[in-house]
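Okay, here's what each chain looks like letter by letter:
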Amino acid sequence: MRAPSNTATQEWDPRSSCVSPEGRILEMAARGMSLSHVLDDLCRLVEEQAPGVLASVLAELAHVTRLTTLGQPAPSTAHEVNQPSGSSDIVGDGEAMRRVLEAVATVAPTDSTVLIGGETGTGKELIARAIHDRSRRRSRPFVTLNCAAIPSGLLESELFGHERGAFTGAVARRVGRFELANGGTLFLDEIGDIPLELQPKLLRVLQEQAFERLGSTQTVRVGVRLIAATNLDLAAMVADKRFRNDLYYRLNVFPIAIPPLRDRREDIPALVNHFVRLYAGRLNRRVEPVSPSALKTLTEYDWPGNVRELANVVERASITARDGDLRFDLPVGGDRNESAGRGAISVAASPEILSEAEMRQQERRNMAAALRRTHGKIYGDDGAARLLGVKPTTLLSRLARLGLKPTRQVPLAADLAAT
Ligand SMILES: Nc1ncnc2c1ncn2[C@@H]1O[C@H](COP(=O)(O)OP(=O)(O)OP(=O)(O)O)[C@@H](O)[C@H]1O
Ligand SMILES: [Mg+2]
């Protein structure tokens, strides 16, 4: 079904149509209105004529439809229902990642609450999805909500839903994340951002699997497995009274800590190659394999943004690649948090191909650097010849070939560097 054009919606008001409900729906569909619009109208109709369970079911259906189909933007970007992660492969078989995956395998088949900790971009959501995908709930919804992305005043309604008229702007009944995730898994990202006043209600759902929608006294019962994630130190927040300790203990049933990438550098080459293949496929480009020296530089970098930063660096290199040659730009200098603003080093992924003239210039620069280091000395253990790994006579003849006299040793280095 096509998305509705604005004009189609503006020109025709379904409420003014005198046809039967079925006719009204068919007419909307015939006018090219989206399934989401049709369902919204159906909800209003049922709400007016037969309020109750059917209206609620339809409201839920309309909401899920908006989120999952037709490619329309969801009402809030902070939540998703079973949206594919793009790549569900978890790459990395170093000791640290193996321990994380063992924990995933252990806890997945249970219904226990999991608390995933780790710096930004370490893969917390990927691990949460992996737990859901390996659980008995895998065919049921995996619903995500980023608690930091929702204004605190709206978070309660996002989590628990609301009745029509519960607050200004609540024009229709709306189911919350807990109801949408019923039978499946709810992933609450950035749980440390949940306001203190909402924490008792969250604790109650975790303990009793029961809650009331905003504006309702009717208790809703659900069966939801909760996975929470945070990059904050919740224990420290409990000590500062910024997080309730009863909720913390209820969440911290099975903690999984994902180490930062700089503490599991052994995974970096596999991750680089994984993202190189991924983006080459997505951009439909042929790229050269990454050379060992580029991999070494990438492995030595600290990756303050962790795997997400690495993926972005590879994506950028894939977009700007010329003739299949990837060139990775890394921020340099300063401490980890400041590095982004300090310029960049560029790492060629495969050995650079130089012209004859460029080769000669590089040779000159290399000799200049050696002579500078040895203060112009050519012979002996601390001479430039030894540093360059050539016989002093070879170095002298190369310098002569370049038309430079070895007697001007120190200025010679400057001459060479200037060319
Ligand atoms: N081990 C891994 N293998 C493959 N891809 C990974 C891995 N870890 C992370 N990623 C990818 O890196 C990106 C960031 O991961 P994710 O969103 O799960 O991180 P996060 O810890 O939830 O980040 P944030 O704290 O910013 O929410 C995603 O595209 C994810 O697919
Ligand atoms: Mg996340």
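Cut-off values and rules
Residues numbered from 1 in each chain as written. Chains lettered and ligands numbered in written order. Predicted model: local features only at pLDDT ≥ 70, side-chain atom pairs only at ≥ 80, totals over all residues. Heavy atoms only, no water. Near = heavy atom within 4 Å. Polar contact = N/O pair within 3.5 Å; in protein donor to acceptor, adjacent residues only side chain to side chain. Areas by Shrake-Rupley, 256 points an atom, 1.4 Å probe, with all protein chains shown as cover. Helix = DSSP H or I, 4+ residues; strand = E, 2+ residues; numbered from the N terminus. Nonpolar A, V, L, I, M, F, W, Y, C, P; charged D, E, K, R; others polar. Domains from an automatic or database assignment. Salt bridge = Lys/Arg side-chain N within 4 Å of Asp/Glu carboxyl O. Contact = heavy atoms within 4.5 Å.

J.: When you look at the site of ligand 1 in this model, what are you seeing that I'm missing?
T.: As a matter of local geometry, ligand 1 sits amid 16 residues, with Val91, Thr120, Gly121, Lys124 and Arg308 nearest to it. Between an oxygen atom of ligand 1 and a side-chain N or O atom of Thr120, the distance comes to 2.8 Å. In the environment of ligand 1, an oxygen atom lies 3.0 Å from a nitrogen or oxygen atom belonging to the backbone of Leu126. Against a free-state accessible area of 630 Å², the protein chains account for coverage of 85% of ligand 1. Listed by contribution, the elements that provide at least two residues to the shell around ligand 1 are helix 6 (124–133), helix 12 (268–283) and helix 14 (306–320). Among the elements that take part in the shell around ligand 1, helix 6 stands out by supplying three residues, more than any other. Partitioning the shell around ligand 1 into residue classes produces six nonpolar, four polar and six charged. In this structure, the shell around ligand 1 is formed jointly by two domains, domain 2 (87–257) and domain 3 (262–348), each of which donates at least three residues.

J.: Help me out: how do you make sense of the pattern of salt bridges in this one?
T.: When charged atoms on two side chains of opposite charge get close, those side chains can pair. As enumerated under the stated definition, the model contains 22 salt bridges in all. The salt bridge partner of Glu125 is Arg129, with a shortest N-O separation of 3.4 Å. A residue pair is termed a helical-turn pair when its members lie 3 or 4 positions apart in one helix, as Glu125 and Arg129 do in helix 6 at four residues. Note that Arg213 is salt-bridged to Glu179, the shortest N-O span being 2.9 Å.

J.: Can you help me understand the side chain of Gln199 in this one?
T.: Structurally, the position occupied by Gln199 is in helix 9 (residues 199–208). When near neighbours in sequence (up to four residues on either side) are disregarded, Gln199 contacts Ile194, Arg242, Phe243, Arg244 and Leu247.

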